[in-house]
Amino acid sequence: MGLYQTILQLKDEEECYKFFQDLCTVSELRAMEQRYDVAVLLRKGMIYNDILRETGASSATISRVNRALNYGYEGYQQVFARLFPEEEKKE
């Protein structure tokens, strides 16, 4: 079973937390959390300088996340549609 199939076996937030704590280093987890935070702020229309100030992310990270939002595989959009369904209906 591959990593993605394994992740799909996690049943709740606690299992997910424990698995990723074992799988990733603290810096890897922080980097993923930071990229997600950047994606949320970009989605809200925040500008790069404000995102940099709020998250501490580099301009390269912000740019990479922005590229993924605009030209990626729509993974962020799928998650956002599930997390914020009322906002998706407005658009």
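> Go over the environment of Val38, please, and point to the residues and values.
Its place among the elements puts Val38 in helix α3 (residues 26–43). Judged by its relative accessible area of 0%, Val38 is buried. Separated by 17 residues in the primary sequence, Val38 and Thr55 have C-alpha atoms spaced 7.1 Å apart. Each residue touching Val38, except ones within four places of it in the same chain, is listed here: Ile51, Thr55, Ala57, Ile62 and Val65.

> Go over the pattern of salt bridges, please, and point to the residues and values.
Counted according to the given criterion, the structure contains two salt bridges. Note that Lys18 and Glu14 form a salt bridge whose closest N and O atoms lie 3.1 Å from each other. Taken as a pair, Lys18 and Glu14 lie in helix α2 (residues 13–23) at a separation of four residues, close to a single helical turn. The residue Asp50 makes a salt bridge to Arg53 at a minimum N-O spacing of 2.4 Å. Placement of the pair is Asp50 and Arg53 together in helix α4 (residues 48–55), with a separation of three residues, close to one helical turn.

> Please give an account of the layout of surface pockets that cites residues and values.
There is about 1,100 Å³ of room inside the largest pocket. Lining the largest pocket are 22 residues, with Cys16, Phe20, Met32, Glu33 and Tyr36 sitting closest to its centre. Among the elements of the structure, α1 (3–8), α2, α3 and α6 (75–83) are those that each provide at least two residues to the lining of the largest pocket. Ranked by residue count, the leading element in the lining of the largest pocket is α3, at seven residues. A per-class count over the lining of the largest pocket returns 15 nonpolar, two polar and five charged.

> Quick rundown of the packing of aromatic side chains? Include the residues and the values.
As enumerated under the stated definition, the model contains four aromatic pairs in all. An angle of 85° between the planes, with centres 5.6 Å apart, marks the rings of Phe19 and Phe20 as edge-to-face. The buried category is assigned to Phe20, whose relative accessible area is 17%. Arranged with centres 6.1 Å apart and planes meeting at 20°, the rings of Tyr76 and Phe80 form a pair that is stacked. Remark: Phe80 and Tyr76 occur in helix α6; sequence separation between them is four residues, near one turn of the helix. Counting every residue linked through ring pairs, the aromatic cluster contains Tyr36, Tyr76, Phe80 and Phe84.

> Lay out the packing of α3 against helix α5 (residues 59–71) in plain terms, naming residues and giving numbers.
The axes of two packed helices give the description: the angle between them and the distance between them. Packing of α3 against α5 brings their axes to within 9 Å, and their N-to-C directions diverge by 65°. Crossing handedness for the pair α3 and α5: right-handed. Every residue of α5 that contacts α3 at Gln34, Arg35, Val38, Ala39 and Leu42 is listed here: Thr61, Ile62, Arg64, Val65, Asn66 and Leu69. Here the residues of the contact of α3 with α5 sort into six nonpolar, three polar and two charged.

The rules behind the values
- Residues numbered from 1 in each chain as written.
- Predicted model: local features only at pLDDT ≥ 70, side-chain atom pairs only at ≥ 80, totals over all residues.
- Heavy atoms only, no water.
- Helix = DSSP H or I, 4+ residues; strand = E, 2+ residues; numbered from the N terminus.
- Buried < 20%, exposed > 50% of the residue type's maximum accessible area, 1.4 Å probe, protein only.
- Contact = heavy atoms within 4.5 Å.
- Salt bridge = Lys/Arg side-chain N within 4 Å of Asp/Glu carboxyl O.
- 1 Å grid on protein atoms, 1.4 Å probe; cavity = no way out; pocket = protein on both sides within 12 Å on 5 of 7 lines; lining within 4 Å.
- Points joined across faces, edges and corners; volume = space filled by probe spheres on them.
- Nonpolar A, V, L, I, M, F, W, Y, C, P; charged D, E, K, R; others polar.
- Phe/Tyr/Trp six-rings, centres within 6.5 Å; stacked < 30°, edge-to-face > 60°.
- Axes fitted to C-alpha atoms, helices over the stretch in contact; angles between N-to-C directions.
- Left-handed = near helix turned anticlockwise from the far one by under 90°.

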